[in-house]
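Below, each chain spelled out in residue letters.
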Amino acid sequence: MICDFFNYSFDKLSVTQDRNMKKKHTAYKPPEAALTYSISIKSSAQKELFGLAKNIAGKIITAIDNLSKNPRPTGVKKLKGSKGDDFYRIRVTDYRIIYTIEDEVRIIEILKVGHRKEIYR
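Residues numbered from 1 in each chain as written. Predicted model: local features only at pLDDT ≥ 70, side-chain atom pairs only at ≥ 80, totals over all residues. Heavy atoms only, no water.

In this structure, Asp94 sits in the loop between β5 (87-92) and β6 (95-102). Taking the C-alpha atoms as reference, Asp94 lies 8.6 Å from Lys117; in sequence the two are 23 residues apart. Discounting chain neighbours no more than four positions away, the residues touching Asp94 are Gly114, His115 and Arg116. (Helix = DSSP H or I, 4+ residues; strand = E, 2+ residues; numbered from the N terminus. Contact = heavy atoms within 4.5 Å.)

Written out as structure tokens, the structure is:
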């Protein structure tokens, strides 16, 4: 991340002052496009999503959309027992979203969407 800092010009930096007005803090703000991930949804996960009630599906779609900006949000859990791949899950009410992250190519693949009682079977 520090290496990326020097690739961008200094006009992308913002300088703010704290409440005491004594110290200045410089915050690095990379371009918005560099932070987003592409999202791929397996067809089985799409079928599960379309079978849900509209209000729950809307919340899940919003959570999936937010993953493109932050693939490891607060509350994410890395699942144990995954062979080779790293599986992650996030909670949306009583439902779970299981996905993988490929940081090198910036892709998130949604593998499963379902109720917490049935998702791990």
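Another point: the pattern of salt bridges. Across all of its chains, the model carries 4 salt bridges by this definition. Taking the shortest distance from any N to any O, the salt bridge between Asp103 and Arg72 comes out at 2.8 Å. A residue pair is termed long-range when its members are at least 10 positions apart, and Asp103 in the loop between β6 and β7 (107-115) and Arg72 in the loop between α4 (54-67) and β4 (77-78) qualify at 31 residues. Overall, the relative accessible area of 36% leaves Arg72 in the partly exposed class. (Salt bridge = Lys/Arg side-chain N within 4 Å of Asp/Glu carboxyl O. Buried < 20%, exposed > 50% of the residue type's maximum accessible area, 1.4 Å probe, protein only.)

Ranked by internal contacts, the top residues of the largest apolar core, which has 20 residues, are Leu52, Ile60, Ile97, Tyr99, Ile108, Ile110 and Val113. Looking at this core, the elements with two or more residues in it are α3 (43-50), α4, β5, β6 and β7. Here this core takes 6 residues from α4, the largest share from any one element. Not counting residues within four places of it along the chain, the set of residues in contact with Leu52 comprises Ala57, Ile60, Tyr95 and Val113. (Core = buried A, V, L, I, M, F, W, Y, C linked by side-chain atoms within 4.5 Å.)

With 14 residues, α4 extends 20 Å between its outermost C-alpha atoms, agreeing within 8% with the 20 Å of an ideal straight helix rising 1.5 Å per residue. Residues of α4 that are buried include every one of Ile56, Ala57, Ile60, Ala63, Ile64 and Leu67, and no others. The buried residues of α4 occupy one face: seen down the axis, they fall within an arc of 125 degrees. Looking at α4, the residues exposed on the side facing more than 90 degrees away from the buried face are Lys54 and Asn55. Check the buried side of α4 and you find it contacts β3 (38-41), α3, β5, β6 and β7. (Expected span 1.5 Å × (residues − 1). Arc of directions from axis to C-beta.)

Attention now goes to the sheet that holds β4. What the 5 strands build is an open sheet, ordered β3-β7-β6-β5-β4; its pairing is mixed. Each of the sheet's edge strands pairs with one partner strand only, and the pair in question is β3 and β4. Relative to β5, β4 runs antiparallel, the two being bridged by 2 bridges. For Lys77, the partnering residue across the bridge sits in β5 and is Arg89. Packed onto the sheet, α4 meets β3, β5, β6 and β7 and runs at close to 20 degrees relative to β6. (Pairing = 2+ DSSP bridges. Axes fitted to C-alpha atoms, helices over the stretch in contact; angles between N-to-C directions.)

Glancing now at the side chain of Arg89. Along the polypeptide, Arg89 turns up in strand β5. Sequence-distant contacts of Arg89, that is, excluding residues within four places in its chain, are made with Gly75, Val76, Lys77, Leu79, Arg96, Ile97, Ile98, Tyr99 and Tyr120.

So, on to the pairing of β5. Direction of pairing for β5 relative to β6: antiparallel, over a ladder of 6 bridges. Paired with Arg89 across the two strands is Ile98, which belongs to β6. Between β5 and the antiparallel strand that follows it, β6, lie 2 residues; Thr93 among them carries a positive phi value of about 50 degrees.

Just geometry here; none of it tells us what the structure is for.
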